[in-house]
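# Coordinates in review
Next come the chains, spelled out residue by residue.
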Amino acid sequence: MAKYLIVGGSAASIGAVEAIREVDPAGSITIISEEPCPQYSRPMISDFVSGKADFHKMKCRTDDFWKENNAEALTGKKATALNLTEKTVQLESGEKVAYEKLLLATGGKPFVPKMEGSDKDGVFTFTTIKDAQQLAAKIDSINAKAAVVIGAGLIGISVTEALMKRGLKVTMVELQEKILSLLLDAKASDLVEGVVKKAGVNIVTGQSVQKILGTPGNDGVVGGVILTKGDQVPCDLVIVAIGVVPRTELVVGTAVKTNRGIVVDNTMQTNVPDVYASGDVAEAYDFIMNQNRLLPLWPLAVLEGQIAGYNMAGKKTTYIGGTNMSSLKYFDIPIVSIGLANPKEDPALEVLVKHDAERNVYKKLVLKNNVIVGLTLVNCIERAGVLFYLMKNTINVKRFKQKLLSDDFGLATLPVGLQRKMCVVQ
Amino acid sequence: MKRIIAKQEVCMGCGLCEVYCTVQHSKSKDIIKAYNSERPKPISRVRLEVNKPVSFAIQCRHCEDAPCVTACLSGAMQKDEKTGLVTYNQEKCMGCWTCIMVCPYGAIMMDQQGKVVAKCDLCQGFDEPACVANCPNEALVFKEVKP
């Protein structure tokens with residue numbers, strides 16, 4: 001019997017373990033994890049493929065993380081069934097683990113659309129260290145020369161950069177008309193596209209892959225792809241990087257309410273008492289969209305895990321919410337995008353833009369009733385956090401609106417009262 | 001814990017805090033070498049904020065609930081529960097800029113050369129941080145403050 005049972009060992013689970021131990025030093029914690037060593041940084045798997053980071057560098061917590069937190073980890077084990085009446089989780093082996101409080105932190109699995117040939121040798125997804133290890137090994141073993149990356153979002157661009165660094169010729173295929181379309185408006189996307197193309201990446205937008213081809217000698221091995229419009233692109237590898245879908249399998253058929261992910265309240269509890277969910281599997285609150293939605297992002301998963309952990313351990317804590325927020329380092333063009341990046345025409349929204357083509361700098365703010373609800377910064381991100389603070393705390397920026405996008409915007413631009421509140425001056 | 005507080009009303013905006021911070025965090029500890037020849041180029045972890053006539057210096061606040069620590073993708077940012085410091089391990093940094101995205105103070109600097117970040121460490125091992133010790137108008141004070 002575990003006082004706290006956590007299914008999953010990655011970001012949300014880490015946040016939860018740390019939060020539980022802050023409140024309850026003694027209550028037993030058990031973790032069920034499919035991976036042997038989950039406390040590595042999944043966002044770093046592209047650095048692993050490029051050779052910038054080895055597995056040791058990717059460990060975002062110590063090797064003894066569970067031991068130090070007096071938690072029992074059942075690694076390499078898969079949870080197969082949840083019984084809400086018995087309050088147990090069953091493992092593949094048939095063994096049952098009973099709980100008082102349960103956290104579902106099962107994460108997401110890569111989405112692979114129906115595509116002829118997707119079972120060929122040389123097709124990869126890109127989520128776990130195992131994916132990265134297999135991809136890196138494949139590049140070496142077949143001396144891969146060319147790859148097609150399907151999807152030009154966060155994962156797509158990260159794996160594209162890694163493959164370029166390994167010397168491969170990469171074609172990035174994106175169904176939307178623009179790359180990074182969830183993070184950037186058309187203008188910012190064009191700017192970034194220019195940089196990525198200049199690095200040698202072939203970008204195809206408005207199309208997808210309809211078929212993965214074999215090689216002339218062996219149909220079971222990737223030899224190329226056929227795009228929507230019929231063009232063929234020869235390649236040795238295909239990486240499917242479209243996104244992740246929540247792993248809700250465990251709660252299917254139970255009373256736990258799901259939408260696209262598991263629905264939670266602002267304490268991360270599901271509709272079933274004592275059952276919580278956090279991370280990529282959960283639909284948590286988005287304070288910009290003012291609704292619960294899937295936001296599969298590492299920092300939010302840690303935060304949601306923390307909130308769940310506190311509440312499970314009895315410290316009532318409310319999640320103020322996250323939003324779509326990412327920072328990107330790829331192709332040496334730093335990007336921060338938070339909240340509404342590319343809203344539809346709306347008289348209630350005010351858009352401030354500054355574009356410096358010479359320096360490749362693009363800044364955009366979306367305001368609603370003089371409160372920042374969207375923020376895009378390209379190649380000039382050092383003050384992003386100050387703007388995010390104004391956004392998160394719904395600070396009225398009317399009095400200093402004109403200065404928000406100026407190059408010398410900073411804490412000194414803020415009203416003295418706010419500076420005092422932030423304790424930056426006496 | 002002791003933190004650095006800016007006295008905005010006596011800050012002249014001279015920028016010496018940035019100079020001494022840069023030298024303190026250089027390999028050579030020599031002002032000429034630090035600015036002219038040292039590679040990678042040392043960078044200041046304190047930033048002079050100016051909106052004339054207002055100016056003051058800002059550096060990592062070592063927050064109690066540090067958003068950079070929660071957000072850090074690689075484990076490079078940690079909260080030292082004993083000292084209260086927010087510590088930064090450059091060896092672990094992947095240069096993803098997530099900490100920059102969430103720092104309310106804009107107090108985490110980009111080290112573009114190294115593709116990592118840099119931030120104030122309160123000059124560990126010294127009585128006083130270099131910016132405080134060398135502020136000619138005593139516009140920076142190092143004292144116990146509640147976060």
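Everything below is about the structure printed above this text.
Presented here is a report on the structure given in the accompanying data block. (Residues numbered from 1 in each chain as written. Chains lettered and ligands numbered in written order. Predicted model: local features only at pLDDT ≥ 70, side-chain atom pairs only at ≥ 80, totals over all residues. Heavy atoms only, no water.)

## A short note on the interface of chain A and chain B
- If you look at the interface, chain A gives 44 residues, while chain B gives 39 residues.
- Buried surface at the junction of chain A and chain B, both sides included, amounts to about 3,500 Å², of which 56% is carbon and sulfur.
- For chain A, the biggest contributors to the area lost against chain B are Glu-382, Ala-412 and Gln-426 of chain A; these three give 19% of the whole.
- Summed over the shared surface of chain A and chain B, the result is 3 salt bridges. (Contact = heavy atoms within 4.5 Å. Buried area = accessible area lost by both parts, 1.4 Å probe. Salt bridge = Lys/Arg side-chain N within 4 Å of Asp/Glu carboxyl O.)

## Re the nonpolar core
- Judged by nonpolar contacts, the single largest core of 176 residues is most densely connected at Leu-135, Leu-163, Ile-239 and Leu-390 of chain A.
- Beyond its immediate sequence surroundings of up to four residues, Leu-390 of chain A is in contact with Ile-372, Ile-395, Val-397, Phe-400, Leu-404, Phe-409, Leu-414 and Leu-418 of chain A. (Core = buried A, V, L, I, M, F, W, Y, C linked by side-chain atoms within 4.5 Å. Buried < 20%, exposed > 50% of the residue type's maximum accessible area, 1.4 Å probe, protein only.)

## Some words on the packing of aromatic side chains
- Inspection of every chain in the model, using the stated rule, returns 1 aromatic pair over all chains.
- Across from the ring centre of Tyr-310 of chain A, 4.4 Å away, lies the NZ or CZ of Lys-315 of chain A, which sits over that ring. (Phe/Tyr/Trp six-rings, centres within 6.5 Å; stacked < 30°, edge-to-face > 60°. Lys NZ or Arg CZ within 6 Å of the ring centre and 35° of its normal.)

## Observations concerning the sheet that holds strand 10 (residues 169-174) of chain A
Residues and elements named next belong to chain A.
- Judged by pairing direction, the sheet is parallel, and its 5 strands sit side by side in the order 8-15-9-10-11 without closing on themselves. Edge positions in the sheet fall to strand 8 (123-125) and strand 11 (202-205), since each has one partner strand and no second. Neighbouring strand axes in the sheet, compared pairwise and without regard to direction, differ in orientation by 20° on average.
- When strand 9 (residues 146-150) meets strand 10, the two strands line up parallel, connected through 5 bridges. Bridge pairing links Ile-150 to Val-173 in strand 10. (Pairing = 2+ DSSP bridges. Helix = DSSP H or I, 4+ residues; strand = E, 2+ residues; numbered from the N terminus. Axes fitted to C-alpha atoms, helices over the stretch in contact; angles between N-to-C directions.)

## A look at the packing of helix 1 (residues 11-23) of chain A against helix 8 (residues 298-312) of chain A
Residue and element names in this part refer to chain A.
- Running from N to C, helix 1 and helix 8 cross one another at 35°; their axes reach a closest spacing of 6 Å. When you trace helix 1 past helix 8, the crossing you get is right-handed. On helix 8, the residues that touch Ala-11, Ala-12, Gly-15, Ala-16, Ala-19, Ile-20, Glu-22 and Val-23 of helix 1 are Trp-298, Ala-301, Val-302, Gly-305, Gln-306, Gly-309 and Tyr-310.
- Its residues placed into classes, the contact of helix 1 with helix 8 shows 10 nonpolar, 4 polar and 1 charged. (Left-handed = near helix turned anticlockwise from the far one by under 90°. Nonpolar A, V, L, I, M, F, W, Y, C, P; charged D, E, K, R; others polar.)

## Quick notes on helix 1 of chain A
Residue and element names in this part refer to chain A.
- The terminal C-alpha atoms of helix 1, which comprises 13 residues, lie 19 Å apart, in line with the 18 Å expected from a rise of 1.5 Å per residue.
- For helix 1, a buried count of 10 out of 13 residues is recorded, marking the element as mostly surrounded by other parts of the structure.
- Turning to helix 1, the residues buried within the fold contact strand 1 (2-7), strand 2 (29-33), helix 4 (65-68), strand 6 (96-104) and helix 8. (Expected span 1.5 Å × (residues − 1).)

## So, the side chain of Asn-370 of chain A
All names here are of chain A.
- In this structure, Asn-370 sits in the loop between strand 24 (361-368) and strand 25 (371-378).
- Given a relative accessible area of 16%, Asn-370 falls into the buried group.
- A polar atom in the side chain of Asn-370 sits 2.8 Å from the side chain of Lys-401.
- In this view, Asn-370 contacts Glu-350, Ile-395, Asn-396, Val-397, Lys-398 and Lys-401; residues no more than four positions away in its chain are not counted. (Polar contact = N/O pair within 3.5 Å; in protein donor to acceptor, adjacent residues only side chain to side chain.)

## Digging into the environment of Ala-313 of chain A
Residue and element names in this part refer to chain A.
- Relative to the elements of secondary structure, Ala-313 occurs in the loop between helix 8 and strand 21 (325-328).
- Assessed through its relative accessible area of 17%, Ala-313 is described here as buried.
- Between the C-alpha atoms of Ala-313 and Lys-363, which are 50 residues apart in sequence, the distance is 42 Å.
- Not counting chain neighbours up to four residues away, the residues in contact with Ala-313 comprise Tyr-4, Ile-20, Val-23 and Asp-24.

## Some points on a nonpolar patch on the surface
- On the surface, a nonpolar cluster with roughly 280 Å² of combined accessible area is contributed by Ile-31, Ile-32 and Tyr-35 of chain B.
- By relative accessible area, which is 35% here, Tyr-35 of chain B ends up partly exposed. (Patch = residues over 30% accessible without salt bridge, like charges linked within 9 Å, V, L, I, M, F, W, Y side chains within 5 Å. Areas by Shrake-Rupley, 256 points an atom, 1.4 Å probe, with all protein chains shown as cover.)

## Here we look at the sheet that holds strand 19 (residues 282-286) of chain A
Residues and elements named next belong to chain A.
- Taken in spatial order, the 3 strands line up as 17-19-20 in an open sheet, and their pairing is mixed. Both edges of this open sheet fall to strand 17 (262-263) and strand 20 (291-294), since each of them pairs with a single strand only.
- As paired elements, strand 17 and strand 19 share 2 bridges and run parallel to each other. Each bridged residue has a counterpart across the sheet, and for Val-263 the counterpart in strand 19 is Glu-283.

## What about the pairing of strand 6 of chain A?
Residue and element names in this part refer to chain A.
- As paired strands, strand 1 and strand 6 are joined by 5 bridges and run parallel to one another. Bridged to Ile-6 within strand 6 is Leu-103.
- Both strand 5 (residues 88-91) and strand 6 contribute to a ladder of 3 bridges, which runs antiparallel. Paired with Val-89 across the two strands is Val-97, which belongs to strand 6.
- Once strand 5 ends, the chain turns through 4 residues before running back antiparallel as strand 6, passing Gly-94 with a positive phi of about 100°.
- Note: strand 6 against strand 18 (residues 275-277), 3 bridges, orientation parallel. For Leu-102, the partnering residue across the bridge sits in strand 18 and is Val-275.

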